[in-house]
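Notes for the structure review
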Amino acid sequence: MSASSSALKKPAETALAGSDQPAIPVLPVLGMPVHDLGWNQALALLEQKLTARQGFTHIAFLNANNANVMVRDPEYRDVLGRCLVLPDGIGVDIAARLLHGGRFTANLNGTDFVPASLTFIAKPLRIGLLGATSEVLQAAAVNFRKHTPWHEFIEISDGYFDRADPALILKRIEMARIDLLLVAMGTPLQEKWVDRHLTDGHARVVISVGALLDFVSGRVTRAPRWVRSLRSEWLFRLWLEPNRLWRRYILGIPVFLGHVLSHRLRHPSAPRN
């Protein structure tokens, strides 16, 4: 897709203007509108997007790490502004409390939201998988097929294709006639790549899923349910991969909170009711 094609994509909240659908509520985090939906609302919204006759929706997630990237990368901020952004993790809940006086209705992190969506949507879909390593991609596809056998999962490519010349991959996506494409190439690369190259000619909905395929494949172990219920999955991941993740969490969380407090001081506003 040419650079000018990105300009044709509208922010998710303004795309609803003039339609019969109610506006989607948002809570801005560091100036980025993040959609505030309950689980049932979010699942129904995705199903609606997938069954609509026209339109293109790129879904992304905002957590503390992504927000730090957004602050220092204006291009990434612009891309997120054209996405339907969902809240991921306790960090953005803390930000919502500091900025708006209340937390998000639900933690719609992609690792839970995508599998739940596939279960929720009864209509068989053609779902493309793009990213990760070949081994992870294949194992994730096997487990997805076990999880929701009524959907068809198409392995497009691992994430190590020639990004300078994506024509072959784009043609493969187009020929696969995909309803939903899951892109796992890491932030901010995955969001920028989707925004630059994909349109409704490739898929109705694209979700930038980060490490989802690593979890689904079994390569990375998820935290026990009780740890997740305490909103402490980040501690479990740090324990598993300290060398890779210590900067993201030990340094990144205080940096994120500093950004939030600075934004609060520069943009005072009354808490929501």
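This write-up is about the structure you can find in this document. (Residues numbered from 1 in each chain as written. Predicted model: local features only at pLDDT ≥ 70, side-chain atom pairs only at ≥ 80, totals over all residues. Heavy atoms only, no water.)

1. Some details on the overall build of the protein chain
Helices and strands together make up the secondary structure of the protein chain, namely 13 helices and eight strands. Its C-alpha radius of gyration of 18 Å places the protein chain within 12% of the 19 Å reference for a compact globule of 273 residues. Projected onto its principal axes, the C-alpha coordinates of the protein chain cover approximately 50 × 45 × 35 Å. Taking all 273 residues of the protein chain together, the buried fraction comes to 51%. The contacts of the protein chain with a sequence gap of at least 6 include a subset with a gap of at least 24, amounting to 74%. About 13,300 Å² of surface is accessible on the protein chain, with carbon and sulfur atoms providing 56% of the total. Taken as two groups, the 32 positive and 24 negative side-chain charges of the protein chain have centres that lie 4 Å from each other. (Helix = DSSP H or I, 4+ residues; strand = E, 2+ residues; numbered from the N terminus. Rg over C-alpha atoms; globule rule 2.2 N^0.38 Å. Buried < 20%, exposed > 50% of the residue type's maximum accessible area, 1.4 Å probe, protein only. Contact = heavy atoms within 4.5 Å. Areas by Shrake-Rupley, 256 points an atom, 1.4 Å probe, with all protein chains shown as cover. Lys, Arg positive; Asp, Glu negative; His and termini not counted. Charge placed at Lys NZ, Arg CZ, Asp CG, Glu CD.)

2. Here's the deal with unusual backbone geometry
Look at the link from T187 to P188: it is a cis peptide, with omega at 5°. Along the chain, the position of P188 falls in the loop between β7 (180-184) and α9 (189-197). For A132, which is not a glycine, the phi torsion comes out positive at approximately 60°. Given a relative accessible area of 16%, A132 falls into the buried group.

3. Here's the deal with the sheet that holds strand β3 (residues 57-62)
In a beta sheet, neighbouring strands pair by backbone hydrogen bonds and run either parallel or antiparallel. Ordered by their spatial adjacency, six strands build an open sheet running β4-β3-β8-β7-β5-β6, and the pairing between neighbours is parallel. Looking at strand neighbours, the two that pair on one side only are β4 (84-87) and β6 (152-157), the edges of this open sheet. Put simply, the sheet's adjacent strands are angled 25° from each other on average, direction ignored. Two strands pair when backbone bridges link them, and strand β5 (residues 126-131) and β6 are joined in this way by five bridges, in the parallel orientation. Within β6, the position partnered with G128 by the bridge is I154. Across the sheet, helix α2 (residues 39-51) is in contact with β3, β4, β7 and β8 (205-208); its angle to β8 comes to roughly 135°. Packed onto the sheet, helix α7 (residues 134-147) meets β5, β6 and β7 and runs at close to 170° relative to β6. (Pairing = 2+ DSSP bridges. Axes fitted to C-alpha atoms, helices over the stretch in contact; angles between N-to-C directions.)

4. Points about the pattern of salt bridges
Oppositely charged side chains may form a pair once their charged atoms are brought near each other. Taken as a whole, this structure holds 11 salt bridges when the rule is applied. A salt bridge links D73 to K192; the shortest N-O distance between them is 2.7 Å. Of this pair, D73 sits in the loop between α3 (64-72) and α4 (74-81) while K192 sits in helix α9; the two residues are 119 residues apart in sequence, bridging distant segments of the chain. Grouping residues by exposure puts D73 and K192 together as buried. Between R196 and E75 there is a salt bridge, with its nearest N and O atoms 3.0 Å apart. (Salt bridge = Lys/Arg side-chain N within 4 Å of Asp/Glu carboxyl O.)

5. Here we look at the packing of helix α5 (residues 90-100) against helix α13 (residues 242-266)
Following both chains from N to C, one finds α5 and α13 inclined at 20°, their axes separated by 10 Å at the closest point. Considering the angle they form, α5 stands roughly parallel to α13. Between α5 and α13 lies a crossing of right-handed hand. Here G91, V92, I94, A95, L98 and L99 of α5 come into contact with α13, specifically with F256, L257, V260, L261, H263 and R264. Of the residues contributing to the contact of α5 with α13, the split by class is nine nonpolar, two polar and one charged. (Parallel < 35°, antiparallel > 145°, perpendicular 65-115°, else oblique. Left-handed = near helix turned anticlockwise from the far one by under 90°. Nonpolar A, V, L, I, M, F, W, Y, C, P; charged D, E, K, R; others polar.)

6. A short note on the pairing of strand β1 (residues 26-29)
Here β1 shows one buried face, formed by L27 and V29, and one open face, formed by V26 and P28. Alignment of β1 against strand β2 (residues 32-35), held across four bridges, turns out to be antiparallel. Residue pairing for β2: L27 is matched across the bridge by V34. Adjacent in sequence and paired antiparallel, β1 and β2 are bridged by two residues, among which L30 carries a positive phi angle near 55°.

7. Let's talk about the environment of V205
Inspection of the secondary structure assignment puts V205 in strand β8. Placed 23 residues apart in sequence, V205 and L182 show a C-alpha to C-alpha distance of 8.7 Å. Contact partners of V205, with chain neighbours within four places excluded, come to L46, K49, L50, T57, I59, D179, L180 and L181.

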